[in-house]
Each structure stands twice: as C-alpha cells, then as structure tokens.
Amino acid sequence: MTKEEANENTLQAREELAGHYKSIINLLGEDADREGLLKTPERVAKAMQFLTKGYNEDPAAVLRGAMFKEEDYKQMVIVKDIDFFSLCEHHMLPFFGKAHVAYIPKKYITGLSKIPRVVDIFARRLQIQERLTMQIKDCIQQTLDPLGVMVVIEAQHMCMQMRGVEKQNSLTTTSDFTGFFQQAKTREEFMNLIKHNL
Ligand SMILES: [Zn+2]
C-alpha cells in the first residue's frame, strides 16, 4: 500500500467511524445535531484512530532501525518512567501509567529512545495490562536477543476508577521477564533502581 492509499483508507474509515459515533451519541440520549456536538463524531473518530495507531506500526522494525553491535557491555540497560497511555480492550476506556524496562545485552544494544517507542506502539492498541507487559518483553527478547529482559508496568485503570469498582488512585503493577532476570538477585537490582515509584 502506498502512503497515499493508506491516507485515503484512514480518511474513509474516519468518515465511517464518525457516522457510528453520531448514532452512539443519539443512543446515549443526546442530540447529535445540537451545536456543541456537531463536530464531535468526527473529533472522536480522529482521536480513536490516533489512540489505536499502534496497529499500523512495527515495533521490531523500530528496534532494528537503531541496533548496534556491542559485545563488551554486559551490564543492565535501564529505561524507567516511560509514560504510556492505552485503552483497555474490555471497556475501551483509558489505562495509563509508567513502564520500566531493563535488558542485559548479549551482542546488540538499541538506541535508548527506541524503547519508549516500542512501549508506545504496543500501548496504542486495545490492550490488557498483562499482555502489554508481555508483548514489550517478547519484542525486545526476540529482536535484540539479550541475556535477559524485564518489564514492569504500573497503571491506573479508568474503567475501574470511574465506575467506582476500585479505590481512586490505586495502581495495578505487572511484570514479566526472561533469562538472567529469572534470578531473584537480578530482579531485585532492577526493582531497587525503580523502587521510588512502587
Ligand atoms: Zn476495562
């Protein structure tokens, strides 16, 4: 698909989405034709396309785009406090927070700015926090083939907080790891370095 064709598809989908959102607004008991709401269906459609744009991006390609051979460095590489925003796949309401990623290189390292991009690409899809954690871990493991990778995510879920299912501001923490991080000592080292958050 050329870039023009992709843009054309996006615009066509946006128009269709806007039509659906207009129905939704009316079904919710509002009047989609009142002045304040006239442009809302199109705005919502555009916002939702932005919030799910991760489907059109390839996180492994992002990592490979800045992959360098580095055979001597075997220490932990840590990128912490990565802000992310995602949508839960059960309610399509936001969940957001911080991701912390560590890996121990074997042969390859990647540009530090690429790790937040990978987080972003997986977050801009309909997600559950556990799968988001796992997909980031798998992508780094499969692409960089490090000695180990660990991902910790802390998030607030609007589908719980706004509906009063959970106490306000409560955080859900998930983690996943491979290789050297199977050793408790290695996990501890990473957890200590990010612990002011947890
Ligand atoms: Zn939910």
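Owing to the predicted nature of the structure, the values given are computational and were not obtained by experimental measurement. (Residues numbered from 1 in each chain as written. Predicted model: local features only at pLDDT ≥ 70, side-chain atom pairs only at ≥ 80, totals over all residues. Heavy atoms only, no water.)

Undergrad: What exactly am I supposed to notice about the pattern of salt bridges here?
TA: Where charged atoms from two side chains of opposite charge come close, those side chains can pair. Taken as a whole and judged by the stated rule, the model has 8 salt bridges. Across the salt bridge formed by Arg 124 and Asp 120, the nearest N and O atoms sit 3.8 Å from each other. Overall, Arg 124 belongs to the buried group, its relative accessible area being 11%. Accessibility expressed as a relative area gives 26% for Asp 120, which makes it partly exposed. Residue Lys 137 is joined to Asp 176 by a salt bridge in which the shortest nitrogen-to-oxygen separation is 3.2 Å. With a gap of 39 residues between them, Lys 137 in helix 5 (residues 129-144) and Asp 176 in strand 7 (residues 172-177) connect regions that are remote in the sequence. When its relative accessible area of 10% is taken as the criterion, Lys 137 is described as buried. Among the ionic contacts, a cluster of salt bridges with common partners joins Lys 137, Asp 138 and Asp 176. (Salt bridge = Lys/Arg side-chain N within 4 Å of Asp/Glu carboxyl O. Buried < 20%, exposed > 50% of the residue type's maximum accessible area, 1.4 Å probe, protein only. Helix = DSSP H or I, 4+ residues; strand = E, 2+ residues; numbered from the N terminus.)

Undergrad: Can you help me understand helix 4 (residues 114-123) in this one?
TA: Those residues of helix 4 that fall on the buried side of the exposure criterion are Ile 115, Val 118, Val 119, Ile 121, Phe 122 and Ala 123. Elements in contact with the buried residues of helix 4: helix 3 (59-64), strand 2 (77-88), strand 3 (94-104), strand 4 (108-110), strand 5 (126-127) and helix 5. (Contact = heavy atoms within 4.5 Å.)

Undergrad: Sorry if this is basic, but what is going on with the packing of helix 4 against helix 5 here?
TA: For any two helices packed against each other, the geometry comes down to the angle between their axes and how far apart the axes lie. At a minimum axis separation of 10 Å, helix 4 and helix 5 run at an interaxial angle of 135°. What the angle tells us is that helix 4 and helix 5 run oblique. Judged by the sense of rotation from one axis to the other, the crossing of helix 4 with helix 5 is right-handed. Along the contact surface, helix 4 presents Ile 115, Val 118, Val 119, Phe 122 and Ala 123, while helix 5 presents Leu 132, Gln 135, Ile 136, Cys 139 and Ile 140. Partitioning the contact of helix 4 with helix 5 into residue classes produces 9 nonpolar, 1 polar and no charged. (Axes fitted to C-alpha atoms, helices over the stretch in contact; angles between N-to-C directions. Parallel < 35°, antiparallel > 145°, perpendicular 65-115°, else oblique. Left-handed = near helix turned anticlockwise from the far one by under 90°. Nonpolar A, V, L, I, M, F, W, Y, C, P; charged D, E, K, R; others polar.)

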